[in-house]
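Structural characterization, general
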Amino acid sequence: GKVSILLPMFSPAFQVDQTLALLEQAKSILRGEKVPFDEKIEIGGMIEVPAAALAVGLFLRRLDFLSIGTNDLIQYTLAIDRADEQVANLYDPLHPAVLMLLSHVIGSAEKAGVPVSMCGEMAGDPNFTRLLLGLGLRQFSMFPAQIPAVKQRIKQSDIAEIEPVVRRIVRLEESAKIEEQVERLNAWRQ
């Protein structure tokens, strides 16, 4: 049947190359044993560490699709353990560095024609939906209970109006100003 494989937690390209080689080896064994399988299994990568986000171009040439894992990406970018109550308040999805990484990954994937999706708390939070749409994200993964609110926010959004606003937001240097602008963006009734 139709299968896609998503590779987690990689950063150097050789890890992806090794995995792809092992998959080819497994395919060869299946062919030799005359076991039917999908020859065109899509292989994707989970962008969850800053090194993978910054070097995304290396992976776009090797992979069929990407998924951005925001929970880990934010945690590792900010060196914040969100489970540690003493520093959990510093976990900030709107930190300028986080937005720069998201913009870089989504923009690079779009230029390369490689589909990119997002999973994690950001994808299912309607407070971030317009921001993510403005960055170019078109595939969101979330818990079923989150779908109605995110869907409603999408239906109330005009991407052509959002994109230039989001480009300005991403250039801001302070989380508080970014948060203020995202709140204004969300207040629009379109």
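This is a predicted model, so every value here is computed, not measured.

**Focus: the packing of helix α6 (residues 126–135) against helix α7 (residues 147–155)**
In contact at an axis separation of 9 Å, α6 and α7 are set at 40° when each is read in the N-to-C sense. Judged by the angle between their axes, α6 and α7 are oblique. At the point where α6 passes α7, the crossing takes the right-handed sense. Taken together, the residues of α7 that come into contact with α6 (itself represented by Pro126, Asn127, Thr129, Arg130 and Leu133) are Ala149, Val150, Arg153 and Ile154.

**Regarding the pairing of strand β2 (residues 42–47)**
Within β2, five of the six residues are buried, which leaves the element mostly enclosed by the surrounding structure. One ladder, built from four bridges, connects strand β1 (residues 4–7) with β2; its direction is parallel. Paired with Ile5 across the strands is Ile43, a residue of β2. Chirality of the crossover, the property in question, places the unit of β1, helix α1 (residues 13–32) and β2 among those that are right-handed. Judged from the four bridges that link them, β2 and strand β3 (residues 65–69) form a sheet pairing that is parallel.

**Observations regarding the packing of α6 against helix α8 (residues 159–170)**
The interhelical angle for the contact between α6 and α8, taken along N-to-C directions, is 90°, at an axis separation of 8 Å. It follows that α6 is roughly perpendicular to α8 by the angle criterion. For the pair α6 and α8, contact is made by Arg130, Leu131, Leu133, Gly134 and Leu135 and by Ile159, Ile162, Glu163, Val166, Ile169 and Val170, respectively. Residues of the contact of α6 with α8, tallied by class, amount to eight nonpolar, one polar and two charged.

Calculation criteria
- Residues numbered from 1 in each chain as written.
- Predicted model: local features only at pLDDT ≥ 70, side-chain atom pairs only at ≥ 80, totals over all residues.
- Heavy atoms only, no water.
- Axes fitted to C-alpha atoms, helices over the stretch in contact; angles between N-to-C directions.
- Helix = DSSP H or I, 4+ residues; strand = E, 2+ residues; numbered from the N terminus.
- Parallel < 35°, antiparallel > 145°, perpendicular 65-115°, else oblique.
- Left-handed = near helix turned anticlockwise from the far one by under 90°.
- Contact = heavy atoms within 4.5 Å.
- Buried < 20%, exposed > 50% of the residue type's maximum accessible area, 1.4 Å probe, protein only.
- Pairing = 2+ DSSP bridges.
- Right-handed = clockwise from strand over helix to strand, strands pointing away.
- Nonpolar A, V, L, I, M, F, W, Y, C, P; charged D, E, K, R; others polar.

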